[in-house]
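One-letter residues, chain by chain:
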Amino acid sequence: MYVDLSIPISRRAPGVEFEQWLHRDGIRQLSRRIRALPGDSRRDRYLNFWRWLIGARRLRERDLPGGCFLSNEFYRMSVHQGTHVDAPFHYGPECAGEPAKKVMDLPLEWFSGPGVVLDVRGCGGRVTAAGVKEALDAAGSGLEPGTVVGPGTVVLFRTDSDLRLGTPAYYTRSTAITPEAVDHLLDLGVKVIGTDCWSFDGPARAMVESFYETRDPGALWPTHLHGREREFIQIEGLAGLRGLPRRGPFTFMAFPIALADAGAAWCRAVAHVQEPR
């Protein structure tokens, strides 16, 4: 059984610009685009454009079955919209003194492997190393000091924040995963960590207000910036983690879209759960 762990990107979501050509619009768009086709010479382009101007090279509804062509959609949005993978380059230009990896530098084997869900709903909005240890024990994960796993093991933090999706509370009541919590997992060999919150660093407003109150730079996106010291991958904006077995095995998959020169990319996060016989 496959469980979808992704947030659908809505055309009406803040920060998303959307345009759609429906099937009858497609005729008009195609008619404009066949004025010049790949492989046309300069002479072909000139002649075809002239033919289009005088109407000899235009498509009409009667030229296509049902008067319809193909639909098309255009989205303009941040690579951090919806469920997405953060590469180390997002955190800073360097990681541990080396050039930080971008999306296309990340090994694909990191994004498919055994998954572990940590239920941290009772952490009080802030997950510490102690909270990770407690949740690992409760999950029966077998991950403990002295146990080193491969980078294909993915740990997911369940907060049920996605139940507030579409409301301001999705952003103002999210759970922060602290750098020390991340370090505990990195020490075990985990490379990819996910959350069903919008960010690993908790509510932006709380961080900003804390900074202006203390003037401590460490108050601003501390877990993201910790990625300049130690390499790890974040998957943010997951959903439906409550649909995964609390102690049973499952395989997690979330391959980032192949975006060149990007520090993050959208992904389709999915879990494969073995159905009971």
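It should be noted that the structure appears before, not after, this text.
Residues numbered from 1 in each chain as written. Predicted model: local features only at pLDDT ≥ 70, side-chain atom pairs only at ≥ 80, totals over all residues. Heavy atoms only, no water.

Draft legend 1. Expanded view of helix α4 (residues 129–139). For α4, every residue scored as buried is listed here: Ala 129, Val 132, Ala 135, Leu 136 and Ala 139. Down the axis of α4, the buried set is contained in an arc of 120°. They therefore lie on one face. Residues of α4 that are exposed and point more than 90 degrees away from the buried face comprise Ala 130, Glu 134, Asp 137 and Ala 138. Where the residues of α4 are buried, they touch β7 (112–119), β8 (126–127), β9 (154–158) and α6 (179–187). Taken from the residues just after α4, Gly 140 is the one with a positive phi, measuring 60°. (Buried < 20%, exposed > 50% of the residue type's maximum accessible area, 1.4 Å probe, protein only. Helix = DSSP H or I, 4+ residues; strand = E, 2+ residues; numbered from the N terminus. Arc of directions from axis to C-beta. Contact = heavy atoms within 4.5 Å.)

Draft legend 2. Broad picture of the sheet that holds strand β12 (residues 233–236). In spatial order, the strands read β1-β15-β13-β7-β9-β11-β12-β4-β14; together these nine strands make up an open sheet with mixed pairing. Across the chains shown, the open sheet's two edge strands, defined by having one partner strand only, are β1 (2–4) and β14 (264–266). Pairwise comparison of adjacent strand axes, ignoring direction, gives a mean angle of 30° for this sheet. Relative to β14, strand β4 (residues 84–86) runs antiparallel, the two being bridged by three bridges. Its bridge partner lying in β14, Asp 86 is registered against Ala 264. (Pairing = 2+ DSSP bridges. Axes fitted to C-alpha atoms, helices over the stretch in contact; angles between N-to-C directions.)

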